[in-house]
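Chain by chain, the residues run as shown.
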Amino acid sequence: MRIYASIWAIALLATVCVGLCAADGDISGVKEEAVTFYAQKEAGSKEYNARNGYLTIRPDAKATILAMHGYTSNKEDSNVLRLLFPDYNLMVFDFRAHGENTEGQFSTMGADEVYDIFGAANFIKARKDIKDLPLIGYGFSMGAATGIEAQALDPNLFIASIYDCPFDKTENILKRGFDKLKIKVFGYEFDFPGRSFFERHAFNPYVQTVLQFLFRKFAKMDATQINTMMKPISPMESIKKIKTPIFFIGCAADETVPVASVKKIYENAPGQKQLWVTKGVRHYGSVFNNPETYREQITNFIQRVLTGEKGEYAQEILDVDIPAEKTPEVVTPEADKKEEEGKGESKDK
């Protein structure tokens, strides 16, 4: 279940640097340092994982941005995001099982990663030089979904958030994986045998090992580069507990996290909210589609929050119409025959 590919981080570095390097031209007084903080292993645990990150501090910054990366990314990839936030402090870090210090760790796709966010936020709020500044969350993909989960547990975590392509719930991530898991016999396409069993027990550790093999082999979805043991979360439900302003971003052409899934979360958010649907061509593609406009949109959102400007309670910016979420249909020989005979329609298995 590869949510974010490292190759896109390289593309981000090239694209954004070309488009935005002028904004970071004056680095006088800017400090960047490597930092280490500690995050609780899981709920109720007395064990802590060391997590590493980078903290960029700018003179006269009015806020600090905590950036939360996607699945298979890391602090090295996401540190380029400082070019998107030239007027603010920025902290990036490695989620568990990503980047440095990964031995014995598993990515849970957002469930236990909330403790990494809490650890990073506590680190920022303990720094004498920046502790009094507002803290704003920025996350993409898994990082966005995890930010929502963390905020639902701690309503005072961020004063506002920017969430780019968060998935709605882990069950739907798995469902989209199963939808790609097909076998073909004599030209007909079928669900993989045992799908219903695997879906019912998808969060069993032993079943997940089998699923990772099947998804990699047949659905071309490779989660093996990160030690993964997915646990269920539902950002579309957790968002109901968050009342701070949130800016949601989605790509109309995103097949990994369909924009319809992002809108489900947006619609459930009870506070001031904004949804921007872009012409990005793939997952987390909005920033590549137009880096300058992307930076302008998120900067305007942050400025409105910091100045206390009251905008529309709910606002949608649609660069393109929101497509309906696709529900793939499986055509069986029997259904195909009925269709040819005009006696009925194909049924999903």
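Summarised in this report is the structure supplied together with it. A quick note: this is a predicted structure, and the numbers were derived from the prediction, not measured. (Residues numbered from 1 in each chain as written. Predicted model: local features only at pLDDT ≥ 70, side-chain atom pairs only at ≥ 80, totals over all residues. Heavy atoms only, no water.)

### Side note on the overall build of the protein chain
The condition that has to hold: Helix and strand assignments follow DSSP, with helices taken as H or I runs no shorter than four residues and strands as E runs no shorter than two, numbered in order from the N terminus. Each residue gets one of three labels from its accessible area relative to the maximum for its type: buried under 20%, exposed over 50%, partly exposed in between, using a 1.4 Å probe on protein chains only. Contacts are residue-level and defined by heavy atoms, with any inter-residue pair within 4.5 Å sufficient. The Shrake-Rupley method, run with a 1.4 Å probe sphere, supplies the accessible areas, and residue values consider only the shown protein chains as cover.
Regarding its fold elements, the protein chain presents 12 helices and 11 strands. Relative to its full complement of 349 residues, the protein chain shows a buried share of 53%. The long-range share in the protein chain, meaning contacts at least 24 apart out of those at least 6 apart in sequence, stands at 75%. Of the roughly 16100 Å² that the protein chain leaves accessible, carbon and sulfur atoms contribute 51%.

### Some words on the pattern of salt bridges
If the charged atoms of two oppositely charged side chains come close together, the side chains can form a pair. Put simply, the rule is: The salt bridge criterion pairs a side-chain nitrogen of Lys or Arg with a carboxyl oxygen of Asp or Glu, the two atoms within 4 Å.
Here the structure, examined in full by the defined rule, presents 13 salt bridges. When the shortest N-O distance is used, the salt bridge between Arg127 and Glu33 registers 3.0 Å. With Arg127 in the loop between helix H3 (114-126) and strand S5 (135-140) and Glu33 in strand S1 (residues 31-40), this pair connects stretches of sequence that are 94 residues apart. Among the residues examined, Glu33 registers a relative accessible area of 29% and is labelled partly exposed.

### Side note on the sheet that holds strand S10 (residues 273-278)
Threshold: Strand pairing requires that DSSP identify at least two bridges connecting the strands. Comment: axis = line fitted to C-alpha atoms, over the contacting stretch for helices; angle = value between 0 and 180 degrees taken between N-to-C directions.
Spatial strand order, S1-S2-S4-S3-S5-S6-S9-S10-S11: 9 strands in an open sheet with mixed pairing. Only two strands of the sheet have a single partner each, and these edge strands are S1 and strand S11 (314-318). Within the sheet, the average angular offset between the axes of one strand and its neighbour, ignoring direction, is 20 degrees. The pairing of strand S3 (residues 64-68) with S5 spans 5 bridges and is classified as parallel. Paired with Ile65 across the strands is Ile136, a residue of S5.

### Considering the environment of Ser238
Its place among the elements puts Ser238 in helix H8 (residues 235-238). Accessibility expressed as a relative area gives 13% for Ser238, which makes it buried. Linking Ser238 and Ala145, residues 93 residues apart in sequence, is a C-alpha distance of 9.5 Å. For Ser238, the residues in contact, after removing those within four places along its chain, are Ile148, Glu149 and Ala152.

### Re the packing of aromatic side chains
Applicable threshold: What counts as a ring pair is set by centres within 6.5 Å for rings of Phe, Tyr and Trp (its six-membered ring), and what kind of pair is set by the plane angle: stacked under 30 degrees, edge-to-face over 60, tilted for all other angles. As a reminder, the over-ring test applies to NZ of lysine and CZ of arginine, requiring each to be within 6 Å of the ring centre and within 35 degrees of the ring normal.
Scanning the model with the defined rule gives 11 aromatic pairs in all. Ring centres 5.7 Å apart and planes at 75 degrees place the aromatic pair Phe37 and Phe93 in the edge-to-face group. Here Phe93 lies in strand S4 (residues 89-93) and Phe37 lies in strand S1, a separation of 56 residues in the sequence. In terms of burial, Phe37 and Phe93 fall into one category: buried. Taken together, the ring pairs connect Phe37, Phe93, Phe95 and Phe123 into an aromatic cluster. The positively charged end of Lys273 is found above the aromatic ring belonging to Tyr266, 5.0 Å away from the centroid.

### With respect to the packing of H3 against helix H4 (residues 142-153)
Test applied: Oblique is the label for any angle not under 35 degrees, not over 145, and not in the 65 to 115 range, which are roughly parallel, roughly antiparallel and roughly perpendicular in turn. Note on residue classes: Ala, Val, Leu, Ile, Met, Phe, Trp, Tyr, Cys and Pro are nonpolar, Asp, Glu, Lys and Arg are charged, and everything else, Gly too, is polar.
Two elements in contact, H3 and H4, have axes separated by 9 Å at closest approach and are oriented at 70 degrees. The pairing of H3 with H4 is recorded here as roughly perpendicular in orientation. Contact with H3, carried on its side by Val114, Ile117 and Phe118, involves Thr146, Gly147, Glu149, Ala150 and Leu153 of H4 and no other residues of that element. Broken down by class, the residue content of the contact of H3 with H4 amounts to 5 nonpolar, 2 polar and 1 charged.

### Quick look at the side chain of Thr170
As a reminder, the rule being used: Identification of polar contacts relies on pairs of N or O atoms within 3.5 Å, with a donor-acceptor requirement for protein atoms, meaning one able to donate a hydrogen and the other able to accept it, and with residues adjacent in sequence counted only if both atoms are side-chain atoms.
Residue position: Thr170 is located in helix H5 (residues 170-180). On the basis of relative accessibility, which here comes to 1%, the residue Thr170 falls in the buried class. Side chain to side chain, Thr170 and Glu171 meet in a polar contact 3.4 Å long. In this view, Thr170 contacts Met109, Phe203, Met230, Lys231, Pro232 and Ile233; residues no more than four positions away in its chain are not counted.

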